[in-house]
Amino acid sequence: MNYQNLLIDVKDNVAVVTINRPDKLNSLNMLTMDELFGAFTWIKSNGNIAVVVLTGKGEKAFVAGADIAELNTLDIIKGREFSERGQQIFNLIENLDKPVIAAVNGFALGGGCELSLACHIRLASANAKFGQPEVNLGIIPGYGGTQRLTRLVNSGRAMELILTGDMIDANEAFRIGLVNHVYPLSELMDKALEMANKIAAKAQQAIRLAVKSVNIVDEVSSKEGQIYEAAMFALCCGTEDFQEGTKAFLEKRKPLFKNK
Ligand code: COA
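About the thresholds
- Residues numbered from 1 in each chain as written.
- Predicted model: local features only at pLDDT ≥ 70, side-chain atom pairs only at ≥ 80, totals over all residues.
- Heavy atoms only, no water.
- Salt bridge = Lys/Arg side-chain N within 4 Å of Asp/Glu carboxyl O.
- Helix = DSSP H or I, 4+ residues; strand = E, 2+ residues; numbered from the N terminus.
- Buried < 20%, exposed > 50% of the residue type's maximum accessible area, 1.4 Å probe, protein only.
- Near = heavy atom within 4 Å.
- Polar contact = N/O pair within 3.5 Å; in protein donor to acceptor, adjacent residues only side chain to side chain.
- Areas by Shrake-Rupley, 256 points an atom, 1.4 Å probe, with all protein chains shown as cover.
- Axes fitted to C-alpha atoms, helices over the stretch in contact; angles between N-to-C directions.
- Parallel < 35°, antiparallel > 145°, perpendicular 65-115°, else oblique.
- Contact = heavy atoms within 4.5 Å.
- Nonpolar A, V, L, I, M, F, W, Y, C, P; charged D, E, K, R; others polar.
- Domains from an automatic or database assignment.
- Buried area = accessible area lost by both parts, 1.4 Å probe.
- Arc of directions from axis to C-beta.
- Phe/Tyr/Trp six-rings, centres within 6.5 Å; stacked < 30°, edge-to-face > 60°.

Enquirer: Explanation requested: the pattern of salt bridges in the structure shown.
Expert: Oppositely charged side chains may form a pair once their charged atoms are brought near each other. For the structure shown, the criterion picks out nine salt bridges. Between R151 and D218 there is a salt bridge; the shortest N-O distance is 3.4 Å. Here R151, found in helix α5 (residues 145–153), pairs with D218, found in the loop between α9 (204–215) and α10 (222–237); they are 67 residues apart in sequence, far enough to count as distant. On the basis of relative accessibility, which here comes to 42%, the residue D218 falls in the partly exposed class. Notably, a salt bridge pairs E251 with K247, separated by 3.8 Å at the nearest N-O pair. Residue E251 is classed as partly exposed on the basis of its relative accessible area of 43%. Given a relative accessible area of 46%, K247 falls into the partly exposed group. It is possible to trace a salt-bridge network through shared partners that takes in E244, K247, E251 and R253.

Enquirer: Would you mind going over the site of the ligand with me for this structure?
Expert: The immediate surroundings of the ligand are formed by 15 residues, with K24, K60, A64, A66 and I68 found nearest. A64 places a polar main-chain atom, nitrogen or oxygen, 3.0 Å from a nitrogen atom of the ligand. Interatomic distance of 2.9 Å between a backbone N/O atom of A66 and a nitrogen atom of the ligand. For the ligand, whose unbound accessible area comes to 860 Å², protein coverage reaches 59%.

Enquirer: Help me out: how do you make sense of the packing of helix α3 (residues 76–95) against helix α4 (residues 111–118) in this one?
Expert: Helix-helix packing: each pair is described by the crossing angle between the helix axes and the interaxial distance. Interaxial distance between α3 and α4 falls to 8 Å at its minimum, and their mutual angle equals 30°. The pairing of α3 with α4 is recorded here as roughly parallel in orientation. Between α3 and α4, the contacting residues are F90, I93 and E94 on the first element and G111, E114, L115 and A118 on the second. Partitioned by chemical class, the residues of the contact of α3 with α4 number four nonpolar, one polar and two charged.

Enquirer: Would you mind going over the domain arrangement of the chain with me for this structure?
Expert: Interface size is commonly expressed as the accessible surface area that is lost when the partners come together. Here the chain is partitioned into domain 1 (6–200) and domain 2 (204–250). The gap between the C-alpha centroids of domain 1 and domain 2 is 27 Å. At the junction of the two partners, domain 1 supplies twelve residues and domain 2 supplies seven residues. Summed over both partners, the interface of domain 1 with domain 2 comes to about 780 Å²; 51% of that surface belongs to carbon and sulfur atoms. The three residues of domain 1 that bury the most area against domain 2 are D97, R151 and I199, which together make up 51% of that side's buried surface. Inspection of the region where domain 1 meets domain 2 yields one salt bridge.

Enquirer: How should helix α6 (residues 155–164) be read in this particular structure?
Expert: Because each turn of an α-helix spans 3.6 residues, side chains separated by three or four positions in sequence point in the same direction. Within α6 the residues assigned to the buried category are A158, L161 and I162. Projected down its long axis, α6 shows its buried positions confined to an angular sector of 90°, all on one face. Across from the buried face of α6, at angles greater than 90 degrees, the exposed residues are E160 and L163. The N-cap residue of α6 is N154: its side-chain oxygen and the backbone nitrogen of G156 are 3.0 Å apart.

Enquirer: Is there a simple way to think about the packing of aromatic side chains in this case?
Expert: To describe a pair of aromatic rings, one takes the distance between the centres and the angle between the planes. Under the defined criterion, the tally for this structure stands at two aromatic pairs. Ring geometry for F82 versus Y143: centroids 5.4 Å apart, planes at 25°, classification stacked. Pair noted here: F82 is in helix α3 and Y143 is in the loop between β8 (129–131) and α5, with a separation of 61 residues, a long-range link. Residue classification places Y143 among the buried positions, given a relative accessible area of 3%.

Printed below as a string of C-alpha cells:
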C-alpha cells in the first residue's frame, strides 16, 4: 500500500507505523488522518500483524497536533464533522484488539497527545513534550482528549493541562502516569520494539482478549466488567494455546504457541 504521509514496516509480526511529515512536525492534516484510518483498518484484518508501534518521523516531533492551517478553515458544521471523524479514527486505534504502543519521540501536542492517549501503552523519549494547547487557538481538544486524558491522569491534572495549554516534559508525564517509561531518544525505538516483540511472542488470542477486557473498563460497571472478563477468560480456556501454555509449564519447557 502506498501512503504519502505514513511509513509502514512489518517485521516479525510487529508493524511500525511512522507519521511522515517532519517538515510540519508530523501534524495531522486530513490526508494523514485518512491514511491512519486506512492503515489501521488494514492492520486490523492482517493476520500477520500482532502488535503495532506508532511513532513520528524525525527527532523533534511525535505529532505537533492537528494541522492548524486546516483548522483555520472550519466553521460550526465542519468543526463537528472534523471532531467526529478524528474521534472515529482514534477509536479505531483504541479498539483495535492488537496492542498499539506509542513511541513518543518529541512533541505530542493537541491531536498528537490525543493520538498517544488512544494507544494502549505510551513510551517517551527524554526530549518528549506533552500538552493540550488548543485553548491557545480558541478551541478545545476534539479527538477524545477531554475524556481519555481525564480518565488516565485524573480530572485536576487533565483540567490544568487543558485549561492552561502548558506543555509538560517527559519526566513530568511519567510522574503523573501519562507515560509508562522514559528513555534516551536513541534508545526509544529499540525499547518499543523490545516490548512489542515480547508481546508478539505470547499467545495472541489471550493478548487480544486481554486488550478487550481492559478497554471495556470505561464502558461498563465493575460488575459487568467482571462478567465480561469471565467470558473472555472462558474463551481463552477453549484455545489450543491455553492447552500448550499450561502443559509446557508442567513439562518445564517453553510453550510453542500457534495462535489457535
Ligand atoms: N499545524 C501545522 N503546522 C505546524 C504545526 C501544526 N500543528 N506545528 C508545527 N507546524 C509547522 C510550522 O508551521 C513550521 O512550518 P514552516 O516551516 O512551514 O513555517 C514547522 O512545522 C516547524 O514548526 P516551528 O513552529 O517552526 O517549530 P518550533 O521548534 O519553533 O516550535 C512547536 C515547535 C511545536 C512549539 C510549534 O510548532 C507549535 O507550537 N506548534 C503548534 C502546536 C499546537 O498548537 N498544536 C495543537 C493544534 S490543535
